[in-house]
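This is what each chain is made of:
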Amino acid sequence: MKGLAPLFLGIFGTFAFSWVGLTVLPNWQMGHLNPQSDEEGTDIYPQPQSGMFERGARVYAANGCIYCHSQQVRPAYAAADIERKWGDRRSAPRDYIFERPVFLGKMRMGQDLANIGAHASAEQASPAPTGAAPPGGSPSGGTSPAASPAPQGGAPAAASPAAKQSPNPSPATQGASPGLAGSPATASSPATAAAASPGASPGSSSPPAGAPPPGPKTGLASPSPAAAANATPGGVTAPSSGSQTAGPPWPIQTIGEPPMYSAAWHHVHLYSPRSINFDSNMPAYRFLYKKRRISDARSAEALQLTGSDAPPEGWEVVPTYDAKCLVAYMMALNQSHPLSEARSAGGAPPAAASPAVSPGPSAAGSPAPAK
Amino acid sequence: MNEEPKEPARVGQGMDYGEQADVQQVHAAVQREKREPRVGAEPLSIWLIAIYGLAIFFGGAYLGRYSGNFSSGGLDPMGAPPPAKKAVAGPAGGEQAAELSPHDRGKKVFSANCQTCHQANGQGVPGQYPPLAGSEFTTGGSRRMGMIVLKGLQGPVKVKGQQYGTAVMQPWDKTLTDKQIADVMTYERSEWGNSASPLTPEQIAALRKELANHPESFTEHDILAAPDEDLSGGAPAGGAPAKPGEASKPGEPPKPHG
Amino acid sequence: MNATGIPLKEPSVSAAAGATEQLERAYIDASTRVPVLMFYTSAMAWLILGTLLAGFVSFKLHEPDLLSNISFLTWGRVRPAHMNVMVYGWASMAGIGTAIWLMARLCRTVLRYPLLLLAGACFWNLGVLLGVCGILLGDSTGYQWLEFPGYAAIILFVAYTLVVSWAVLMFRYRRGEQIYITQWYLLGAFLWFPWLYAAGQLMLFVVPVQGVLQSAVGWWYANNLLFLWFGAIALGTAYYMIPKVIGRPVYSYHLATIGFWTYALFSSWTGMQRLVDGPFPAWMITASIAAMILAMIPVATVGLNHHMTMQGYFPLMRYSPTLRFTVFGAMSYTVFSVVGLLISLRSVAGYVNFTQTSIAYSHLGLYAFFTMVIFGAMYYIVPRLVGREWRYASLIKLHFWASAYGIGLMTLMLLAGGFLQGADMENPTLPFSETVETVLPYLRGRSLAGILLTAAHFIFAYHFGLMLLGLGRTSTVPTFLNPVEAEETSGGH
């Protein structure tokens, strides 16, 4: 090749083509999405998060959670994400407009986290028991920051999406929980839990031997007022939950686990993943927790640890601020709000069983025949 | 192949820069090296051109088939038409919403703004957030309720015989429009077994004007000091949720109370 | 004295390298000695560090409790540290070192302004060091391939500016009208990288784009770094080394032209295929998949060009280390592209997206293709810089086989594991933990492959160290891998 000019021009031209085509043009086309709202400007989704959420996202980035966990639900015609109950609709660009950085992820050595906050039980999502609970041994005591990110957001309009979702009990989310979680603690009603428990067993075949099957778990849980409130149809906290007394609501000697995907559960899971899921491949993040001597009373934030993980007598393990932010971040990950552009994708191809539209039957029915 | 220079005079001399600094003593590696690469000029083979054609064909076909119409909303690669309803309330969405009754619109406003505290079943949270279901403020005259919604409430308050007071209700006059407040109040007054009169935006507008100079939240004392009456200009008390037509009927001009 | 600084007349045009041309090269090699060795030595140090980190990452993936209580050794920090050390420490520095030497050789002028390069190398090392420490201390940005925190990124950019301004200056002093194929690729790489890096940094950190577009920019950056930076350097190097070692012209100028321009045009459009079925407008992803299909044009063209150049000379791979590594790398380019295409087609990607296959793909590109070509180039260049021959043919052989088997095994393990993992993931009746269990044996196999690669790198580093210390052989014949029969000595190495 002779002459530098054509070479230079070509080198610049080809790259400019790609730069404009794959970054500038998309930015022009969809780089300025607005939140979705209805006619009155209410029911806004998504809403900006702040405070602990942002810091939690930084902790998420710093510790490389993205290398094993994705945060995107693929459409039903392409993948089994929706059948795996990672969400009841596909993710859409609008879901992420307030996130920075965006952790779409490229690897699933762990579960998808796009909707991890939506799987939390209603008790955790609602701010009610947090404030009402005495600072004793309530399981939600340690989760107060996580359970109510709304105050950080400022206006009550920015209430946590999880909370917003709870009074609108779509059978999809509620029914989905047992299958994915393998724990009926998140089921909306005892009836649903009972119906779903056979379906839940494939999802929960991993708990260590000796752990009771999900069905009995519900029974054990029932004495707990929190769990009872949990089971109220609609996921609404019953008035009685405010009067719960101190003491672990969960029979520690039997299970020792807080409700699946609750903030307390996340803390125990981060501290000791294999105490919750024997097969887990996740490293423990103990450096996000402090072991300290109990000064006067056991802190409300202290983790409920069992077995070899439990701190010695007179000691307790409490989350650092980073750990609390990380859990608050996860509890706010929730794409369960409907989006008009993502709805159409569900039923498009013939193969899809349109789970986005009617997840109820599939949640109750499809896992049941398995095993 | 036999291009290697044969210059025995130099071979074996200047192998090592470390020992002989004179660069003129050419390094053996350089000596035996072939000359700099050149380029031949073989023509393209027909097979290669066929491969080009195939790649361009399949690439183009793939792009055409899975382009999703090149639209920003076309998440589906099969090019399904983008949803008719625009994400941000478009004309189609507007029509739908227009058909909603004030009660249904109020329900949306409620779920977006109120139910975090007062809960979807209107029961509130014991000790913290007072209930709306059966509450004397909700089911009573719309004036007291409107004052609370517009300007907020703080301090202890007694509802249905229970004492509340740890939480503060924020004023909504900055956040919500007259119509939204009227809708949500209409909803609250006719839901959960409540059956009080619906509200119109005009009533709220009048009350808003009236309270414009009231700076901060009311206390229970302020509220109880106000008359337990309906705002003027509304539908008769105890009525069912208004029909869409009725709700948008302009009320009488507001008459500020002394 | 002419513009080159070499007191010689224009070189002869004969086929054989004339005496003047030899002397000219000796001058050029001597002038590149310090900067290139500096880049190479730094790169070797990063390679060793990156290898250790890689082993750690690989073992921790199936032994999650290993040292997990130390915050800066947690898996999620060591993994990006490993990747960035390899990408910016080893691959970029070794690539720049090779590119400097090739530029000087092909511009046929002694290296000017060596201080620019020395400063560039220092800043580059500083940037990588700060960046890696930042990642380990929890300062990662969270964007894959761009994890270095801002302060490290700025230093890297300064370092790069120094290097690229040197490259442009060198081009001004070049002799001869012809611009050889290698120079196209190197010039492209030198000019694409700053644009790419600046665009990535600006659109992600300075004026961040909205939402998912950040991921789009991130993967566009990562793939273009792979293709237009590493790929371009490796292809340019292969275009030099293969004809150089066998002493035969490149097969076809036309093929080279088509190969270069289609490469620039199509591979720069890839990247979004890694986000198949993600929350993006379908056209973006499809455009990248179509670009992957169209990128088969340069693959076929460049592959054919290299193959036809090599035809009849393949036996030389028995003797020449350079040729053996380079041809392995050039062949891996084809494998890399074909695998990349297969795993990005929508029907396949539905299975293998989010599995270990994407790790296999990255390693194919960065190791089997780029690193092997650069190893070959280093076997060629280093003796010319230090004035000694490689000391042990056996070590070179060991290095080659450990590297080749290591990366082959690693790729197979990750591809097979990834496909099974993906198939499990698509079966919603299987609990998720079983998808992980499925892939664990393959990850252990990957760790085994990692041991091979680690051995290869330590052998090479030891050998390289010997050369640096002047402990190489003093000889007139290069270090052949196998004893050469009389009639085959023409494999001038």
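Residues numbered from 1 in each chain as written. Chains lettered and ligands numbered in written order. Predicted model: local features only at pLDDT ≥ 70, side-chain atom pairs only at ≥ 80, totals over all residues.

Visitor: Would you explain the overall build of chain B in this entry?
Guide: On a plain count of helices and strands, chain B comes out with 11 helices and 2 strands. Ordered by position from the N terminus, the helices and strands of chain B form the series α-α-α-α-α-α-α-β-β-α-α-α-α. Looking at the 258 residues of chain B, the share that counts as buried comes to 42%. Considering only contacts within chain B whose residues lie at least 6 apart along the sequence, 63% involve residues at least 24 apart. (Helix = DSSP H or I, 4+ residues; strand = E, 2+ residues; numbered from the N terminus. Buried ≥ 20, exposed ≤ 12 C-beta atoms within 10 Å, placed from the backbone. Contact = placed C-beta atoms within 7 Å.)

Visitor: Quick question: what am I supposed to make of the overall build of chain C here?
Guide: Along the backbone of chain C there are 14 helices and 0 strands. Taken over C-alpha atoms, the radius of gyration comes to 22 Å for chain C, in line with the 23 Å a tight globule of 493 residues would show. Projecting the C-alpha coordinates of chain C onto the three principal axes gives extents of approximately 75 × 50 × 45 Å. Per-residue burial over chain C gives 67% buried out of 493 residues. (Rg over C-alpha atoms; globule rule 2.2 N^0.38 Å.)

Visitor: Sorry if this is basic, but what is going on with the interface of chain C and chain A here?
Guide: One widely used convention gives an interface's size as the accessible area the parts lose upon coming together. Contacts between the two partners involve 70 residues from chain C and, on the opposite side, 66 residues from chain A. Counting residues per element, the side of chain C that touches chain A draws most heavily on helix α5 (residues 181–206) of chain C, at 8 residues. The class makeup of the residues in the side of chain C that touches chain A is 36 nonpolar, 24 polar and 10 charged. (Nonpolar A, V, L, I, M, F, W, Y, C, P; charged D, E, K, R; others polar.)

Visitor: Quick question: what am I supposed to make of the nonpolar core here?
Guide: The tendency in soluble globular proteins is for nonpolar side chains to be buried side by side. Counting 271 residues, the largest nonpolar core has Met103, Tyr185, Ala189, Ala216, Trp229, Met272 and Val373 of chain C as the members making the most contacts within it. Looking at this core, the element that brings in the most residues is helix α6 (residues 213–246) of chain C, giving 24 residues. Aside from chain neighbours lying at most four places away, what touches Met272 of chain C is Leu22 of chain A together with Ala216, Trp219, Trp220, Phe280, Met284, Ile285, Ala287 and Ser288 of chain C. Judged by nonpolar contacts, the second largest core, of 30 residues, contains Ala112, Val157, Ile181 and Met185 of chain B. (Core = buried A, V, L, I, M, F, W, Y, C linked by C-beta atoms within 7 Å.)

Visitor: I tried to follow the packing of helix α9 (residues 296–310) of chain C against helix α10 (residues 321–344) of chain C on my own but got confused; where do I start?
Guide: Relative orientation and spacing of two packed helices are given, respectively, by the angle between their axes and the distance between those axes. All names here are of chain C. Packing of α9 against α10 leaves a shortest axis separation of 10 Å and a crossing angle of 155°. By the criterion of interaxial angle, the relationship of α9 to α10 is roughly antiparallel. Crossing of α9 against α10: the hand is left-handed. Residue-level contacts link Met296, Val299, Gly303, His306 and Met310 of α9 to Val327, Ala330, Tyr333, Thr334, Ser337 and Leu341 of α10. The class makeup of the residues in the contact of α9 with α10 is 7 nonpolar, 4 polar and no charged. (Axes fitted to C-alpha atoms, helices over the stretch in contact; angles between N-to-C directions. Parallel < 35°, antiparallel > 145°, perpendicular 65-115°, else oblique. Left-handed = near helix turned anticlockwise from the far one by under 90°.)

Visitor: I tried to follow α9 of chain C on my own but got confused; where do I start?
Guide: Residues spaced three or four apart along an α-helix face the same direction, because each turn holds 3.6 residues. For α9 of chain C, spanning 15 residues, the distance from its first C-alpha to its last is 20 Å, which sits close to the expected 21 Å at 1.5 Å a residue. In terms of burial, α9 of chain C is largely enclosed, as 12 of its 15 residues are buried. Packing partners of the buried residues in α9 of chain C comprise α2 (46–65) of chain B together with α6, α7 (253–267), α8 (282–294) and α10 of chain C. Once α9 of chain C ends, the next one or two residues include Gly312 of chain C, with phi positive near 90°. (Expected span 1.5 Å × (residues − 1).)

Visitor: For this particular structure, what's the right way to read the domain arrangement of chain B?
Guide: Parsing chain B into structural domains produces domain 1 (43–77) and domain 2 (101–244). Here domain 1 of chain B and domain 2 of chain B have C-alpha centroids that lie 61 Å from each other. (Domains from an automatic or database assignment.)

Visitor: Looking at this structure, I do not really get helix α3 (residues 114–136) of chain C. What am I missing?
Guide: For α3 of chain C, built from 23 residues, the straight-helix expectation of 33 Å at 1.5 Å per residue is met to within 8% by its first-to-last C-alpha distance of 33 Å. Once α3 of chain C finishes, Gly138 of chain C follows within two positions and takes phi at roughly 95°, a positive value.

Visitor: Any chance you could explain unusual backbone geometry here in plain terms?
Guide: For residues besides glycine, phi is generally negative; the peptide bonds are generally trans as well. With an omega dihedral of -10°, the bond running from Tyr45 of chain A to Pro46 of chain A counts as a cis peptide bond. Mapped onto the elements of the fold, Pro46 of chain A is located in the loop between α1 (4–30) and α2 (52–62). Note that the residue after Arg100 of chain A, namely Pro101 of chain A, is joined by a cis bond; omega there is -5°. Positionally, Pro101 of chain A belongs in the loop between α2 and α3 (122–125). Positive phi is not limited to glycine here, since Tyr261 of chain A has a value of about 65°. Looking at where Tyr261 of chain A falls in the secondary structure, it is placed in the loop between α11 (225–230) and α12 (263–271). Its identity is not glycine, yet Arg108 of chain C carries a phi of approximately 55°, on the positive side. Here Arg108 of chain C lies in the loop between α2 (75–107) and α3. Looking at Arg108 of chain C, the number of C-beta atoms within 10 Å reads 19, which means it is partly exposed.

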